[in-house]
Amino acid sequence: GVGWYMAASKGRGKLVSYSSLSMPHLDAFSAGLYGSEADVMQQVMSQYFTMFVVPDSASLHNELFYKALGSGWNSSVDFQKAVWWYNGLFDQGL
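Residues numbered from 1 in each chain as written. Predicted model: local features only at pLDDT ≥ 70, side-chain atom pairs only at ≥ 80, totals over all residues. Heavy atoms only, no water.

Asker: I tried to follow unusual backbone geometry on my own but got confused; where do I start?
Answerer: Only a minority of non-glycine residues have a phi that is not negative, and only a minority of peptide bonds are not trans. For H61, which is not glycine, the phi dihedral falls at a positive 50°. Looking at the element boundaries, H61 is found in helix 5 (residues 60-69). Here the phi dihedral of E63 falls at roughly 60°; this positive angle occurs in a residue that is not glycine. For E63, the location among the structural elements is in helix 5. (Helix = DSSP H or I, 4+ residues; strand = E, 2+ residues; numbered from the N terminus.)

Asker: Mind showing me how you'd approach the packing of aromatic side chains here?
Answerer: The relative placement of two aromatic rings is captured by the distance of their centres and the angle of their planes. In the structure shown here, the tally under the stated rule is nine aromatic pairs. The interplanar angle of 85° and the centroid separation of 5.8 Å between the aromatic rings of Y48 and F52 together place this pair among those described as edge-to-face. With Y48 and F52 both in helix 4 (residues 48-52) and four residues apart, this pair spans about one turn of that helix. Residue classification places Y48 among the partly exposed residues on the basis of a relative accessible area of 33%. Plain terms: the ring middles of W85 and Y86 are 4.9 Å apart, the flat faces sit at 90° to each other, and that makes the pair edge-to-face. Overall, W85 belongs to the partly exposed group, its relative accessible area being 44%. (Phe/Tyr/Trp six-rings, centres within 6.5 Å; stacked < 30°, edge-to-face > 60°. Buried < 20%, exposed > 50% of the residue type's maximum accessible area, 1.4 Å probe, protein only.)

Below, the structure written as structure tokens:
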């Protein structure tokens, strides 16, 4: 994902260390978001997903996401390509 890209390429010489926090198994994560086993707190904490899948989300609001999170990319257009990963999650029904 985004973190590994930063650590492996753009972050060389910029990062002192990197810890990847993985996402749980998709079935377990999905159960925490939807259905009878859903966890309200997990639903709230995962709302940022919906912000990333908005078209041109990296460029909106004076490039807010790019400026806050995209320091490893050359432009908001490049950073947008990285957050398209979240569109894939939604397309797969997560």
